[in-house]
Amino acid sequence: QVQLVESGGGLVQAGGSLRLSCAFSGRSFYTYTMGWFRQAPGKEREFVARIGWSGGSEFYADALKGRFTISRDNTKNTGYLQMNSLRPEDTAVYYCAADTSIVDGMGYDYWGQGTQVTISL
C-alpha cells in the first residue's frame, strides 16, 4: 500500500524559503506521478504543481510559476517542493499526492497527511 509522508513545513518570515519533502513508500516510486496541493484556512484545496515519473512533465499553477519548483529523487523515493519568496498568502497546509497516471485536478489515488506552512509578516 502506498504511503506518503510530508515534512519540512514550519513558520518563516515573508521573503524566506522552505523546502518540503514527500517520502513515498509501498510501491515503485518511479512509476508514479507526484503532485503538490495546498489548502488555506476557509478555502478549497488547490493545485500547486506536479511532476512526471521521470522528473519531466513539470506543470505549475500559473500564480506560482517562478517562485515554486517541484522535483524528485527516485533513488531516495522522495519528492520535493522548493518554495522561495514566500508570502503570507502562501500560508496553508501543503499536501503531496501520487498516482500512476498524469492527473489533472485532484483525482490522485494517494495523499499524504499534510504539513503546515505559515508565513509571517
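Preceding this paragraph is the structure being described.
What comes next is a walk through the structure. Predicted model, so just to flag it, every value in this text is computed and none were measured. (Residues numbered from 1 in each chain as written. Predicted model: local features only at pLDDT ≥ 70, side-chain atom pairs only at ≥ 80, totals over all residues. Heavy atoms only, no water.)

Some details on the environment of Arg87
The criterion, for reference: Helix and strand assignments come from DSSP, with helices taken as H or I runs of at least 4 residues and strands as E runs of at least 2, each series counted from the N terminus. Note on classification: 1.4 Å probe, protein chains only; a residue is buried when its accessible area is under 20% of the maximum for its type, exposed when over 50%, partly exposed between these limits. Contact between two residues is taken to exist if any of their heavy atoms lie within 4.5 Å; hydrogens are not considered.
With respect to the secondary-structure elements, Arg87 resides in the loop between strand S8 (78-83) and strand S9 (92-99). Look at Arg87 and you get partly exposed, because its relative accessible area is 38%. The spatial distance from the C-alpha of Arg87 to the C-alpha of Ala14 is 5.0 Å, given a sequence separation of 73 residues. With residues near it in sequence (within four places) discarded, Arg87 still touches Arg67 and Ile119.

What to know about the pattern of salt bridges
As a reminder, the rule being used: The salt bridge criterion pairs a side-chain nitrogen of Lys or Arg with a carboxyl oxygen of Asp or Glu, the two atoms within 4 Å.
What the rule picks out here adds up to four salt bridges. Salt-bridge contacts for Arg38 lead to Glu46; the nearest nitrogen and oxygen are separated by 2.6 Å. A relative accessible area of 36% places Glu46 in the partly exposed class. Two residues, Asp62 and Lys65, come together in a salt bridge whose shortest N-O distance is 3.3 Å. Here the residues in one salt-bridge network are Arg38, Glu46, Arg67 and Asp90, joined through shared partners.

A few points about the packing of aromatic side chains
Condition: We call Phe, Tyr and Trp rings a pair once their centres come within 6.5 Å, taking the six-membered ring for Trp, and we label the pair stacked below 30 degrees between planes, edge-to-face above 60, and tilted otherwise.
By the definition in use, this model includes eight aromatic pairs. Pairing Phe37 with Phe47 gives two aromatic rings, centres 5.7 Å apart and planes at 75 degrees, and the pair type is edge-to-face. Highlighted residues: Phe37 in strand S4 (residues 33-39) and Phe47 in strand S5 (residues 46-51), separated in sequence by ten residues. By relative accessible area, Phe37 is classed as buried at 0%. Note on Phe37 and Trp111: the rings are 4.9 Å apart at their centroids and 50 degrees apart in plane angle, and the pair reads as tilted. Here Phe37 is found in strand S4, whereas its partner Trp111 is found in strand S10 (residues 110-111), with 74 residues between them in sequence. Taken together through their ring pairs, the aromatic side chains of Phe37, Phe47, Phe59, Tyr108 and Trp111 make up a single cluster.

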